[in-house]
There are 2 protein chains.
Amino acid sequence: MTVTLADVAARARVSPATVSRVLNGNYPVAASTRERVLRAVDDLDYVLNGPASSLAAATSDLVGILVNDIADPFFGIMAGAAQTQIGGPGDGSGRAGGEKLAVICNTGGSPERELTYLTLLQRQRAAAVVLTGGAVEDPAHQAAMSAKLTKLADAGTRIVFCGRPPLPEGDALVAALAFDNRGGGRRLAEHLISLGHRRIGYVAGPPERTTTRHRLEGHREALRAAGLDAAPGEADGGPGSDDQDRLTVHGPYDRRSGYEATLELLRRAPDVTAIVAANDTVALGACAAVRDQGMRIPQDISVAGFDDLPFSVDAVPALTTVRLPLFEAGARAGRLAMGKENPPPGGIATIAAELMIRGSTAAPRG
Amino acid sequence: MTVTLADVAARARVSPATVSRVLNGNYPVAASTRERVLRAVDDLDYVLNGPASSLAAATSDLVGILVNDIADPFFGIMAGAAQTQIGGPGDGSGRAGGEKLAVICNTGGSPERELTYLTLLQRQRAAAVVLTGGAVEDPAHQAAMSAKLTKLADAGTRIVFCGRPPLPEGDALVAALAFDNRGGGRRLAEHLISLGHRRIGYVAGPPERTTTRHRLEGHREALRAAGLDAAPGEADGGPGSDDQDRLTVHGPYDRRSGYEATLELLRRAPDVTAIVAANDTVALGACAAVRDQGMRIPQDISVAGFDDLPFSVDAVPALTTVRLPLFEAGARAGRLAMGKENPPPGGIATIAAELMIRGSTAAPRG
DNA sequence: CTGTTAGCGCATTCAG
DNA sequence: CTGAATGCGCTAACAG
């Protein structure tokens with residue numbers, strides 16, 4: 001019923017090995033022979049059996065891209081960019097040739113799913129795995145991840161981090177592209193401080209994620225440097241002082257969280273003059289909440305985001321945010337996964353975050 | 001080096017066949033034996049060899065989800081929803097068990113890539129394929145798709161369309177979930193007409209896509225019903241009359257296209273009082289263009305979108321649009337792909353599109 | 001440059 | 001309920 005390599009060989013009057021060689025193209029074959037084989041392939045409408053070939057070769061052409069939330073363009077952009085470097089034609093060849101099958105796996109932010117996908121990919125003997133976005137900092141999970149990744153790497157799977165800091169133990173086996181979340185958070189806070197803001201609310205992401213922590217740390221660094229980390233009246237000023245904690249609300253990275261956290265913030269501290277959101281999506285929710293409270297942006301209150309997603313420039317007023325080169329980073333991760341590009345020195349590269357000052361931030365009223 | 005089923009068998013003191021049976025769980029095995037095997041699996045940290053098992057069983061646990069543009073939440077939401085029904089744990093089992101590997105493939109809207117991904121998936125003997133979003137209407141491509149899908153179906157791959165109309169030839173082998181784009185487009189135009197708009201610009205998507213055509217057809221249906229399809233002064237009134245063509249600009253489904261097309265529309269017909277965009281992303285660009293021309297929304301000009309993506313409600317003013325139940329549709333497609341749900345009668349279900357009237361549309365000035 | 005020979009690791013018959 | 005034997009379709013040495 002189903003046509004095999006042997007059938008093609010018979011029709012082309014060559015040995016199966018030869019057919020395999022022209023198909024994989026990694027071995028010299030006479031042009032005329034190749035022609036004949038290719039014709040037979042077309043005539044018979046032959047499609048390679050992936051599992052069989054992976055079994056024999058002990059490696060597959062699958063590349064996995066893990067994302068936390070594919071409905072979020074933050075991940076969509078990176079994943080799409082990575083795929084441009086990995087899968088599909090672009091190699092120019094019309095026929096499906098030496099392409100890898102780049103494949104996106106949506107973990108939904110769940111550590112267990114992340115591990116499960118890794119196992120599934122390991123089962124498939126994936127050629128490479130790209131992990132995008134912040135990691136969960138639970139020690140048990142980190143250990144499990146580290147063990148799993150080591151095993152994958154040992155089996156020949158290339159591992160690339162994109163927008164995620166390297167593992168604490170620093171496996172030498174991965175190439176990591178890390179965003180400068182801390183620096184971005186710091187510069188954004190500095191911008192607000194320089195405008196004259198003194199009471200700044202912060203809508204943070206889930207506490208256990210590296211992205212959340214780094215952005216928040218950068219934010220507080222700037223506050224501390226400006227002497228704004230102590231509550232008015234007290235002077236302890238330790239990092240994470242009570243007042244700063246009161247000005248910070250954690251929640252998921254979504255619009256709704258931004259909305260609710262902002263209401264909460266406004267309730268807790270009606271004197272805030274600016275709100276920094278964990279990312280642009282959250283910032284959108286924050287803007288809605290601010291407006292629903294009858295306040296104007298930026299006259300009554302400034303709002304800022306992080307990531308500079310495409311819609312941020314279209315917000316009204318346009319959102320001040322920190323731009324992350326998501327597409328470029330994703331593409332580079334894809335190239336690293338393909339071995340088209342050498343890993344950065346030390347295995348880790350930090351990707352700059354650029355402050356984008358737009359209409360949603362201004363000097364505080366009064 | 002790498003541990004195989006035989007190793008597990010040896011350690012559990014059973015035959016390889018028995019190990020295979022407990023792993024696949026589709027055959028009676030004594031509880032005590034199962035215990036022993038499972039322990040051996042854990043002890044040895046055994047991971048099934050996917051290719052080997054797929055080769056032997058002539059089917060794999062891969063499910064492909066094809067999308068046109070994964071950076072667009074329209075697709076991200078559907079794909080993510082489908083994955084919740086297919087991959088990862090949720091089956092409750094902690095260990096990676098009977099899960100399928102749900103995998104998203106980004107075609108970038110290119111017909112060739114679509115075909116290539118299908119071939120790649122065919123190679124892998126995918127268990128199912130979900131195709132999302134509008135199709136390209138080029139006859140040659142449609143024929144190629146039809147042929148390819150038939151072959152996949154013959155090989156036992158389940159085919160599901162999600163947000164895409166069934167193929168013209170109507171292969172009985174696919175289940176299709178089609179959005180009511182035409183009805184949505186019609187109701188949106190009716191809404192504007194009832195507000196009093198007579199000159200309505202339309203920023204359409206790429207002309208060759210079904211989604212574009214259906215939305216536009218619905219739009220024009222409503223115009224025609226209201227007697228608005230003829231140019232002022234002439235009376236031929238045939239469908240697609242010159243005037244309507246002048247009020248329509250095609251472009252890709254992105255923000256920039258919305259921006260530029262709107263400028264063009266405003267130049268061609270300064271008297272338009274409303275602009276309908278092909279989707280919400282395009283509408284955002286349209287809003288920006290309108291504002292950059294110094295006009296207010298909706299006082300000077302109304303703007304509407306399509307899809308009701310999460311950010312649309314946060315636009316200022318909130319965007320009038322047509323809501324598509326993307327998550328629900330994606331989840332249902334996932335279930336169909338898994339065979340968890342029966343296909344709709346006739347193989348095709350039409351999914352309703354709901355008009356969402358918000359602040360970006362109002363009666364025209366004057 | 002091309003053919004021959006062996007498995008790759010597992011799911012299945014079929015016996016027991 | 002369990003074990004032994006067979007082959008899935010292909011690639012990778014190794015010869016020629």
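All of these numbers come straight from a predicted model, not from anything done at the bench.

This next bit is on the packing of helix α11 (residues 255-268) of chain B against helix α12 (residues 280-292) of chain B. All names here are of chain B. Across the interface, α11 lies against α12 with an axial gap of 6 Å and an inter-helix angle of 45°. Classed by the angle they form, the pair α11 and α12 counts as oblique. In the crossing of α11 with α12, the sense of the turn from one axis to the other is right-handed. Facing Arg255, Gly258, Tyr259, Thr262 and Leu263 of α11, the residues of α12 in contact are Thr281, Val282, Gly285, Ala286, Ala288, Ala289, Val290 and Asp292. A class-by-class count of the residues in the contact of α11 with α12 yields seven nonpolar, four polar and two charged.

Residues and elements named next belong to chain A. Here arginine 209 is to be found in the loop between β6 (200-204) and α9 (210-225). Although arginine 209 is buried, it forms no salt bridge, and the closest oppositely charged side chain is glutamate 208 at an N-O distance of 4.8 Å. With sequence-adjacent residues up to four places away left out, arginine 209 is seen in contact with Asn68, Gly109, Gly134, Ala135, Val136, Glu137 and Tyr253.

It is worth spelling out the UniProt feature "domain: HTH lacI-type" (unreviewed entry) in chain A at this point. Taking the UniProt record as the reference, the feature "domain: HTH lacI-type" (unreviewed entry) is found at residues 3-57 of chain A. Helix and strand shares over residues 3-57 of chain A are 71% and 0% respectively, and the end C-alpha atoms of the span are 20 Å apart.

One finds Leu101(A), Leu149(A), Ile159(A), Leu101(B) and Leu149(B) to be the most contacted residues of the largest nonpolar core, which totals 142 residues. Excluding anything up to four places from it in sequence, Leu149(B) contacts Leu118(B), Leu131(B), Ile159(B), Phe161(B) and Leu167(B). The next biggest cluster of nonpolar side chains, apart from the first, holds 21 residues, and it includes Ala261(A), Ala269(A), Val282(A) and Ala286(A).

So, on to unusual backbone geometry. Cis geometry is found at the peptide bond from Ile297(A) to Pro298(A), where omega equals 0°. Note that Pro298(A) resides in the loop between α12 (280-292) and β9 (302-304). Although it is not a glycine, Asp45(B) adopts a positive phi angle of roughly 60°. If you trace the backbone, Asp45(B) turns up in the loop between α3 (31-44) and α4 (50-57). We classify Asp45(B) as partly exposed; its relative accessible area is 40%. Positive phi outside glycine occurs at Asp307(B), with the angle close to 115°. Following the sequence through the fold, Asp307(B) ends up in the loop between β9 (302-304) and β10 (321-323). Since its relative accessible area comes to 2%, Asp307(B) is described here as buried.

Now for the packing of aromatic side chains. With the rule as written, the count across this model stands at three aromatic pairs over all chains. Relative to Phe75(B), the ring of Phe74(B) has its centre 4.9 Å away and its plane inclined at 85°; by these criteria the two rings are edge-to-face. The class for Phe74(B) is buried, based on a relative accessible area of 8%. Overall, Phe75(B) belongs to the buried group, its relative accessible area being 7%. We note Arg215(A) situated over the ring of Phe306(A); from NZ or CZ to the ring centre the distance is 3.8 Å. Positioned above the aromatic ring of Phe161(B), the side-chain terminus of Arg164(B) is 5.6 Å from the ring centre.

Our next topic: α12(A). Residues and elements named next belong to chain A. Taking 1.5 Å per residue as the helical rise, α12 with its 13 residues ought to reach 18 Å, and the 18 Å between its terminal C-alpha atoms agrees with that figure. Burial runs high along α12: 11 of the 13 residues are buried. Looking only at α12, the buried set comprises Asp280, Thr281, Val282, Ala283, Leu284, Gly285, Ala286, Cys287, Ala288, Ala289 and Val290. Buried-residue contacts for α12 involve β6, α11 (255-268), β8 (274-277), β9 and β10 (321-323). Where α12 starts, the residue carrying a side-chain oxygen 3.0 Å from the main-chain nitrogen of threonine 281 turns out to be asparagine 279. Directly beyond the C-terminal end of α12, a positive phi value near 80° is found at glycine 294.

It is worth spelling out the interface of chain A and chain B at this point. The partner chain B presents 54 residues to the 54 residues of chain A that form the contact. Roughly 4,800 Å² is buried in total at the junction of chain A and chain B, and carbon and sulfur atoms are behind 60% of that figure. When the buried area of chain A at its contact with chain B is split by residue, Pro51(A), Arg123(A) and Asp314(A) rank highest and sum to 14% of it. There are four salt bridges connecting chain A and chain B. Residue Asp45(A) pairs with Lys151(B) through a salt bridge whose shortest N-O separation is 2.4 Å. Our enumeration of links across chain A and chain B arrives at 13 residue pairs in polar contact (both at pLDDT 80 or more). Elements that contribute at least two residues to the side of chain A that touches chain B include exactly α4 (50-57), α5 (73-86), β2 (101-106), α6 (111-123) and α12 of chain A.

A full pass over the atoms with the stated rule returns 44 salt bridges over all chains. Note that Glu137(A) and Arg213(A) form a salt bridge whose closest N and O atoms lie 2.6 Å from each other. Note that Glu137(A) is positioned in the loop between β3 (128-132) and α7 (139-154) and Arg213(A) in helix α9, a separation of 76 residues in sequence. Overall, the relative accessible area of 31% leaves Arg213(A) in the partly exposed class. A salt bridge links Arg187(B) to Asp180(B); its shortest N-O distance comes to 3.8 Å. Taking relative accessible area as the criterion, Arg187(B) reaches 27% and is therefore assigned partly exposed. We classify Asp180(B) as partly exposed; its relative accessible area is 22%. Members of the salt-bridge network, linked through shared partners, are Glu137(A), Arg182(A), Arg186(A), Glu190(A), Arg213(A), Glu217(A) and Glu221(A).

Cut-offs and rules
Residues numbered from 1 in each chain as written. Chains lettered and ligands numbered in written order. Predicted model: local features only at pLDDT ≥ 70, side-chain atom pairs only at ≥ 80, totals over all residues. Heavy atoms only, no water. Axes fitted to C-alpha atoms, helices over the stretch in contact; angles between N-to-C directions. Helix = DSSP H or I, 4+ residues; strand = E, 2+ residues; numbered from the N terminus. Parallel < 35°, antiparallel > 145°, perpendicular 65-115°, else oblique. Left-handed = near helix turned anticlockwise from the far one by under 90°. Contact = heavy atoms within 4.5 Å. Nonpolar A, V, L, I, M, F, W, Y, C, P; charged D, E, K, R; others polar. Buried < 20%, exposed > 50% of the residue type's maximum accessible area, 1.4 Å probe, protein only. Lys, Arg positive; Asp, Glu negative; His and termini not counted. Salt bridge = Lys/Arg side-chain N within 4 Å of Asp/Glu carboxyl O. UniProt positions renumbered as here; feature names shortened; annotations may be inferred. Core = buried A, V, L, I, M, F, W, Y, C linked by side-chain atoms within 4.5 Å. Phe/Tyr/Trp six-rings, centres within 6.5 Å; stacked < 30°, edge-to-face > 60°. Lys NZ or Arg CZ within 6 Å of the ring centre and 35° of its normal. Expected span 1.5 Å × (residues − 1). Polar contact = N/O pair within 3.5 Å; in protein donor to acceptor, adjacent residues only side chain to side chain. Buried area = accessible area lost by both parts, 1.4 Å probe.

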